[in-house]
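Residue-level structural notes
Below are the chains, spelled out letter by letter.
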Amino acid sequence: MTDKPPASEITPREVYFNRRAFLRGGLIAGTAAATALLYRKFNGLDFDTTTLPPIRGVVPAPHGPFRVDDEDLTPRVKVVNYNNFYEFTTDKDAVAGAAKDFKTDGWKIAVEGMCHRPRVFDLDAFRKLGAPEERIYRHRCVEAWSMVIPWVGFPIAKLLAAVDPLGSAKYVAFETLMDPTRFPNQTTNVLEWPYVEGLRLDEAMHPLAIFATGLYGQELPAQDGAPVKLVVPWKYGFKGIKSIVKITLTDREPVSTWNKRAPSEYGFYANVNPQHDHPRWSQATEQRINESGRRKTLMFNGYGEQVASLYTGMDLDAHF
Ligand SMILES: Nc1nc2c(c(=O)[nH]1)N[C@H]1C(S)=C(S)[C@@H](COP(=O)(O)O)O[C@H]1N2
Ligand SMILES: [Mo]
């Protein structure tokens with residue numbers, strides 16, 4: 001990790017912090033004046049000083065749905081300091097501090113249930129399932145805030161191919177680590193632990209659905225779900241279960257922690273849908289973190305062209 005990365009590799013800070021400026025900067029981009037302007041601009045964002053090891057050999061996101069191109073990235077300092085991770089604390093501004101000593105040494109991910117090749121992966125083997133790919137996705141929390149985040153990860157489909165689901169498997173269930181010595185809030189009953197989530201198998205197979213192992217070109221910070229987090233960009237954020245230790249192929253609809261907690265508020269599908277309001281607040285608009293004003297929420301979070309066909313014939317108000 002201390003080796004100098006080859007020049008051909010992306011250098012996250014420069015790439016991410018210059019990209020938008022170049023788009024906007026037009027003729028002056030690249031000049032000393034532009035650079036000075038850029039630094040003044042980003043100084044105003046409380047530039048984050050914590051760094052994690054860079055991920056080597058990240059494949060840039062291809063254009064199209066894998067890369068939100070026309071909306072600003074949410075600055076890293078916000079992505080790593082405004083989090084939902086109830087195992088640490090329910091205070092979004094305090095997760096980063098509470099998670100700062102979290103270690104993932106010796107992490108294992110068990111894949112079991114209805115598959116031909118069940119297996120326990122160590123982190124190295126898990127990461128080798130797919131080359132690290134950049135994915136720039138919208139992230140929409142059910143609480144009506146949103147971000148645009150450059151993840152690093154690989155499609156869930158790669159894991160599924162490795163374990164080879166039985167023909168009768170219909171769903172994938174996911175489970176977060178249960179360890180109250182490392183997750184202090186697991187000694188409380190703010191939620192039922194461990195946090196669990198699930199997808200239909202065809203949703204999990206979709207190329208947009210990934211396991212994130214990094215963000216902004218670096219390893220995933222603990223507060224964002226290290227070492228492995230689920231990212232399904234057309235669904236509300238709570239589907240994106242963090243710090244995964246178990247994955248089970250099954251023929252029954254998996255339990256979802258928030259769905260179990262309040263079934264009238266949080267559905268199993270949890271597809272972003274501006275027309276289906278949460279009983280206590282509208283889902284029609286959202287607060288993009290670091291922006292003023294509100295944005296209109298897009299159907300399927302803007303990924304309808306890619307995913308709407310997964311739900312053909314389903315009543316999206318009944319299966320919200
Ligand atoms: N294990 C676990 N996973 C979780 C949560 C949680 O509390 N525990 N919160 C969810 C919610 S509500 C959201 S919005 C996202 C937040 O992810 P982020 O902090 O990386 O933005 O994580 C999801 N995954
Ligand atoms: Mo959320």
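Before going into details, it helps to say that this report is about the structure given with it. Just so we're clear, the structure is a prediction, and the values are computed from it rather than from any experiment.

Cut-offs applied
- Residues numbered from 1 in each chain as written.
- Chains lettered and ligands numbered in written order.
- Predicted model: local features only at pLDDT ≥ 70, side-chain atom pairs only at ≥ 80, totals over all residues.
- Heavy atoms only, no water.
- Helix = DSSP H or I, 4+ residues; strand = E, 2+ residues; numbered from the N terminus.
- Buried < 20%, exposed > 50% of the residue type's maximum accessible area, 1.4 Å probe, protein only.
- Areas by Shrake-Rupley, 256 points an atom, 1.4 Å probe, with all protein chains shown as cover.
- Near = heavy atom within 4 Å.
- Polar contact = N/O pair within 3.5 Å; in protein donor to acceptor, adjacent residues only side chain to side chain.
- Core = buried A, V, L, I, M, F, W, Y, C linked by side-chain atoms within 4.5 Å.
- Contact = heavy atoms within 4.5 Å.
- Phe/Tyr/Trp six-rings, centres within 6.5 Å; stacked < 30°, edge-to-face > 60°.
- Lys NZ or Arg CZ within 6 Å of the ring centre and 35° of its normal.
- Arc of directions from axis to C-beta.
- Pairing = 2+ DSSP bridges.
- Axes fitted to C-alpha atoms, helices over the stretch in contact; angles between N-to-C directions.
- Salt bridge = Lys/Arg side-chain N within 4 Å of Asp/Glu carboxyl O.

A short note on the overall build of the protein
Looking only at helices and strands, the protein has nine helices and 12 strands in total. Looking at the protein residue by residue over its 320 residues, the buried ones come to 52%. Working note: accessible area of the protein is about 14,800 Å², and carbon and sulfur atoms make up 55% of it.

Considering the site of ligand 1
Taken together, 18 residues sit near ligand 1, with Tyr86, Glu87, Asp224, Gly240 and Lys242 positioned nearest. Here His139 contributes a side-chain N or O atom positioned 3.4 Å from an oxygen atom of ligand 1. The separation between an oxygen atom of ligand 1 and a polar side-chain atom of Asp224 is 2.6 Å.

Notes on the nonpolar core
Phe126, Phe211, Trp234, Ile247 and Leu249 are the most contacted members of the largest nonpolar core, which has 81 residues in total. Examining the composition of this core, we find that six residues originate from one element, strand E4 (residues 145–155), more than from any other. Excluding anything up to four places from it in sequence, Phe211 contacts Phe126, Val152, Gly153, Phe154, Ile156, Leu159, Phe174, Val228, Lys229, Leu230, Ile244 and Ile247.

Some words on the side chain of Asn273
If you trace the backbone, Asn273 turns up in the loop between helix H8 (257–261) and strand E11 (285–288). Beyond its immediate sequence surroundings of up to four residues, Asn273 is in contact with Tyr236, Gln283, Met299 and Leu316.

With respect to the packing of aromatic side chains
Counted according to the given criterion, the structure contains 20 aromatic pairs. Arranged with centres 5.5 Å apart and planes meeting at 50°, the rings of Phe85 and Phe183 form a pair that is tilted. Of this pair, Phe85 sits in the loop between helix H3 (76–79) and helix H4 (95–98) while Phe183 sits in the loop between strand E5 (171–176) and strand E6 (196–200), and the two are 98 residues apart along the sequence. Among the residues examined, Phe183 registers a relative accessible area of 0% and is labelled buried. Residue placement shows Arg138 over the ring face of Tyr303; its charged tip is 5.5 Å from the ring centre. Positioned above the aromatic ring of Phe268, the side-chain terminus of Lys239 is 4.2 Å from the ring centre.

Some thoughts on helix H6 (residues 156–163)
Among the residues of H6, those classed as buried are Ile156, Leu159, Leu160 and Val163. Along the axis of H6, the buried residues cluster in a sector spanning 100°; they form a single face.

Concerning the sheet that holds strand E10 (residues 244–250)
Judged by pairing direction, the sheet is mixed, and its five strands sit side by side in the order E2-E1-E10-E5-E6 without closing on themselves. Where the open sheet ends on each side, the last strands, each with one partner, are strand E2 (119–122) and E6. Sheet twist, expressed as the average angle between the axes of neighbouring strands with direction ignored, equals 15°. Pairing geometry for E5 and E6, over five bridges, is antiparallel. Bridging across to E6, Val172 finds its partner in Leu199. Against the sheet, H6 contacts strand E1 (108–113), E2, E5, E6 and E10, and its axis sits at roughly 65° relative to E10.

Concerning unusual backbone geometry
Trp193 connects to Pro194 through a cis peptide bond whose omega is -5°. Of note, the amide linkage connecting Ala226 to Pro227 takes the cis form, showing an omega dihedral of 0°. Assignment of secondary structure puts Pro227 in the loop between strand E8 (218–219) and strand E9 (229–231). Phi is positive for Asp164, which is not a glycine, with a value near 60°. Position of Asp164 relative to the elements: it lies in the loop between H6 and E5. In this structure Asp164 comes out as partly exposed when scored by relative accessible area, which is 29%. We note that Ser243 has phi near 45°; this positive angle belongs to a residue other than glycine. Its location among the elements puts Ser243 in the loop between E9 and E10.

Quick word on the pattern of salt bridges
Enumeration according to the criterion identifies 20 salt bridges in this entry. Close ionic contact of Arg280 with Glu265 constitutes a salt bridge, the shortest N to O distance being 2.6 Å. Pair noted here: Arg280 is in the loop between H8 and E11 and Glu265 is in the loop between H8 and E11, with a separation of 15 residues, a long-range link. The exposure class assigned to Arg280 is exposed, which follows from its relative accessible area of 56%.

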